[in-house]
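These are the residues of each chain, in order.
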Amino acid sequence: MRRITLFCSIGAFLAAGAALAFQIGPHIGAFLSTEATAQSQVPESAKGDTPFRKHISQAGIRTCANLFPVLGQALTFGSTYAVNTQWNNSTPDAHSVQAVAGMSYDTPEYKEQAGGVVVASPTAAGCEGTFVRVAPFQKPCQEVITTLPQGSTLAETLSGMPFYNLANNSGQALLIPSGNSCVVVSVGSLAG
């Protein structure tokens, strides 16, 4: 029963992540760690064995073995990317696992580089995690707002920057003006 629930949640999140990726991404000390670096030239959705899944396997992580690759896919969807993953070498299932990704988009609508982070941690009920993507747009934030998924709502303004709840519970986006450009920080979470 747990796997069915996780699968359904992952499926819903992937759909939301894909929508988010298209709306925001391509368009517009006691911690003993080990790390791995990998590159992907093919979008993750087209591959079964992704760098995120390979790193989880290499680390011997079981608790977050399904969730971490899904978060990685949501983060990097539609991009060519390189990823560095870090985990606790002594007890990998008892600690968080994190990855930092550098992404390049080359679509008709968006030809920029972006960065992101994925973090997943074991919980008493399984695993939970978050991804954060930072993507620059060469247009003002007022124009970027029009590309947010239909149904997105302004949650609040944080130090003069609009913070949106994206439609269909697909995460949040903070729009940071930078001259005539806009930097979008998008966030999504998942538990299972």
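In this text, all values refer to a predicted model and were calculated from it rather than measured experimentally.

S.K.: Help me understand the state of the cysteines in this model?
M.R.: A complete count under the given rule lists two disulfides for this structure. Note that Cys-64 is cross-linked by a disulfide to Cys-127, the S-S spacing being 2.0 Å. Between Cys-64 and Cys-127 the disulfide shows an S-S torsion of about 105 degrees. By sign, it is right-handed. Note that Cys-64 is positioned in the loop between helix 2 (51-59) and helix 3 (67-76) and Cys-127 in strand 5 (residues 126-137), a separation of 63 residues in sequence. Given the relative accessible area of 2%, Cys-127 is considered buried. A disulfide bridge connects Cys-141 with Cys-182, and the sulfur atoms are separated by 2.1 Å.

S.K.: When you look at unusual backbone geometry in this model, what are you seeing that I'm missing?
M.R.: Excluding glycine, residues mostly have negative phi values, and the peptide bonds linking residues are mostly trans. The backbone phi angle of Ser-159 is positive, close to 50 degrees, even though this residue is not glycine. Inspection of the secondary structure puts Ser-159 in the loop between strand 6 (153-158) and strand 7 (161-165). We classify Ser-159 as exposed; its relative accessible area is 75%. Within the chain, Asn-169 stands out as a residue other than glycine whose phi angle is a positive 55 degrees.

S.K.: What am I meant to see in the packing of aromatic side chains here?
M.R.: For any two aromatic rings, the description comes down to two numbers: the centre-to-centre distance and the angle of the planes. What the rule picks out here adds up to four aromatic pairs. Each ring, one from Tyr-105 and one from Tyr-110, has its centre 5.5 Å from the other, and the planes form 70 degrees; the classification is edge-to-face. Comparing Tyr-105 with Tyr-110 shows no difference in burial state: the two are buried. These aromatic residues form a ring-pair network of at least three members: Phe-52, Phe-68 and Tyr-81.

S.K.: I'm lost on the packing of helix 2 against helix 3 in this one. Help?
M.R.: Contact pair helix 2 / helix 3: the axes reach a minimum separation of 8 Å and the direction vectors enclose 155 degrees. Comparing their axes, helix 3 and helix 2 come out roughly antiparallel. For the element pair helix 2 and helix 3, the recorded crossing hand is right-handed. Here Phe-52, Arg-53 and Ile-56 of helix 2 come into contact with helix 3, specifically with Phe-68, Pro-69, Gly-72 and Thr-76.

Reading guide: rules and limits
Residues numbered from 1 in each chain as written. Predicted model: local features only at pLDDT ≥ 70, side-chain atom pairs only at ≥ 80, totals over all residues. Heavy atoms only, no water. Disulfide = S-S within 2.5 Å. Helix = DSSP H or I, 4+ residues; strand = E, 2+ residues; numbered from the N terminus. Buried < 20%, exposed > 50% of the residue type's maximum accessible area, 1.4 Å probe, protein only. Phe/Tyr/Trp six-rings, centres within 6.5 Å; stacked < 30°, edge-to-face > 60°. Axes fitted to C-alpha atoms, helices over the stretch in contact; angles between N-to-C directions. Parallel < 35°, antiparallel > 145°, perpendicular 65-115°, else oblique. Left-handed = near helix turned anticlockwise from the far one by under 90°. Contact = heavy atoms within 4.5 Å.

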